[in-house]
Amino acid sequence: MLAVDLLYHYRAVSQKPLTVVDVETTGSIALKGRMTEISVLQATLADGIQSQQTALVNPQTHIPAKIVEITGITQAMVDAAAIAATVLPVYLPLLSSGVLTAHNLKFDHSFLQAEYARLGITFSRPAPEQLCTVQLARLMLPELPSRSLPNLVQHFQFSVTTSHRAEADTIACWLLAKRLLTEISNEPDEALLARFTQQWIPLKAAAKLLGCRSKRARTLLDAAGVYSTAVEYSTYSTRRYRRGDVEQVYYQRQAEPPEARPEAELEEQPEAIQLSCL
């Protein structure tokens, strides 16, 4: 999305009920791991928290010691709990309503999809009905060194004492969404758009905005003199750019006649409502 589209999108989201979810699991890969705990909170900016339900889930498999150390959820705790086939159907109506919200939603959504698929149920929420507070925090808080939930709880001094338990993390996620969406609802358009321009976006997202491949995007951005920084991950490295600088190049290119752009680029126009561009 372009900054102006993000503004309209998040303003619309702020007016809708949120269904905040957090799941604890036996691992990080949905097709291999199993759910050990789920919490679902329903709230609106106008009325606050309306309901919350939390349950341990028997994963019917071993919880690695490292995961027990992180979450505090022991094997004995889940062995005494109901299995997913009993727990999850109760949560399906809740999860199917409101804007599905989570901190790193891709993780929680993938586990929900995998667990429901094991029960023969297709679970999926369309992109306009999803809210990832990691992406929202990256947009609104670009200068923070970390947007992990515990660090954001500490940054805003939220009254949440426990991390990596579903109930506490769901409350923390709600408090974060409430804080940032309230700012989006109340701040003038010009102030918000100015904030949005400061977001750091990786080369892949910049390329999507520009409607071309990453290699071509880097050439265009370098030619325009756009400042970038290197980002190192465990398995790869990339460049990142300020959203405002990338969008400036985007609008300059929109003013060019189509014949001035290579044919390969004309086939990859950016989608203004593509949520993965965040």
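Residues numbered from 1 in each chain as written. Predicted model: local features only at pLDDT ≥ 70, side-chain atom pairs only at ≥ 80, totals over all residues. Heavy atoms only, no water.

> Before we move on, can you summarise the pattern of salt bridges with the specific residues and values?
The final tally for this structure, using the stated rule, is eleven salt bridges. The residue Arg34 makes a salt bridge to Glu115 at a minimum N-O spacing of 3.0 Å. Note that Arg34 is positioned in the loop between strand S1 (18–25) and strand S2 (35–44) and Glu115 in helix H5 (residues 105–118), a separation of 81 residues in sequence. Each member of the pair, Arg34 as well as Glu115, is classed as buried. (Salt bridge = Lys/Arg side-chain N within 4 Å of Asp/Glu carboxyl O. Helix = DSSP H or I, 4+ residues; strand = E, 2+ residues; numbered from the N terminus. Buried < 20%, exposed > 50% of the residue type's maximum accessible area, 1.4 Å probe, protein only.)

> Would you mind going over the pairing of strand S3 (residues 48–56) in detail, with residue names and values included?
Two strands pair when backbone bridges link them, and S2 and S3 are joined in this way by eight bridges, in the antiparallel orientation. Note on S3: the bridge partner recorded for Glu37 is Leu56. Here S2 folds back onto S3 in antiparallel fashion, the turn holding three residues. (Pairing = 2+ DSSP bridges.)

> Now, about the environment of Gln52: what can you tell me, with residues and values included?
Positionally, Gln52 belongs in strand S3. Dropping the residues within four chain positions of it, Gln52 is found in contact with Ser39, Val40, Leu41, Glu167, Thr170 and Ile171. One polar contact links Gln52 to Ser39, side chain to side chain, over a distance of 3.0 Å. At 3.3 Å, the side chain of Gln52 forms a polar contact with the backbone oxygen of Glu167. (Contact = heavy atoms within 4.5 Å. Polar contact = N/O pair within 3.5 Å; in protein donor to acceptor, adjacent residues only side chain to side chain.)

> Quick one: what's the story with the nonpolar core, residue by residue and with numbers?
Leu18, Leu131 and Leu181 are the most contacted members of the largest nonpolar core, which has 35 residues in total. Among the secondary structure elements, those contributing two or more residues to this core are helix H1 (3–14), S1, S2, helix H6 (133–140), helix H7 (149–156), helix H8 (166–186) and helix H9 (189–196). At nine residues, H8 tops the list of elements feeding residues into this core. Setting aside its immediate chain neighbours within four residues, Leu131 contacts Tyr10, Val13, Leu18, Val99, Leu100, Thr101, Ala102, Leu105, Leu136, Ala177 and Leu181. One finds Tyr91, Ala102, Ala114 and Phe123 within the second-largest nonpolar core, a separate group that totals 24 residues. (Core = buried A, V, L, I, M, F, W, Y, C linked by side-chain atoms within 4.5 Å.)

> Mind laying out the packing of aromatic side chains, listing which residues take part and the relevant values?
The final tally for this structure, using the stated rule, is six aromatic pairs. Ring centres of Phe156 and Phe158 lie 5.3 Å apart, and the angle between their planes is 20°; this geometry places the pair in the stacked category. Each ring, one from Tyr233 and one from Tyr236, has its centre 4.9 Å from the other, and the planes form 25°; the classification is stacked. Given the relative accessible area of 47%, Tyr236 is considered partly exposed. Over the ring of Trp200 we find Arg240, and its NZ or CZ is 4.3 Å from the ring centre. (Phe/Tyr/Trp six-rings, centres within 6.5 Å; stacked < 30°, edge-to-face > 60°. Lys NZ or Arg CZ within 6 Å of the ring centre and 35° of its normal.)

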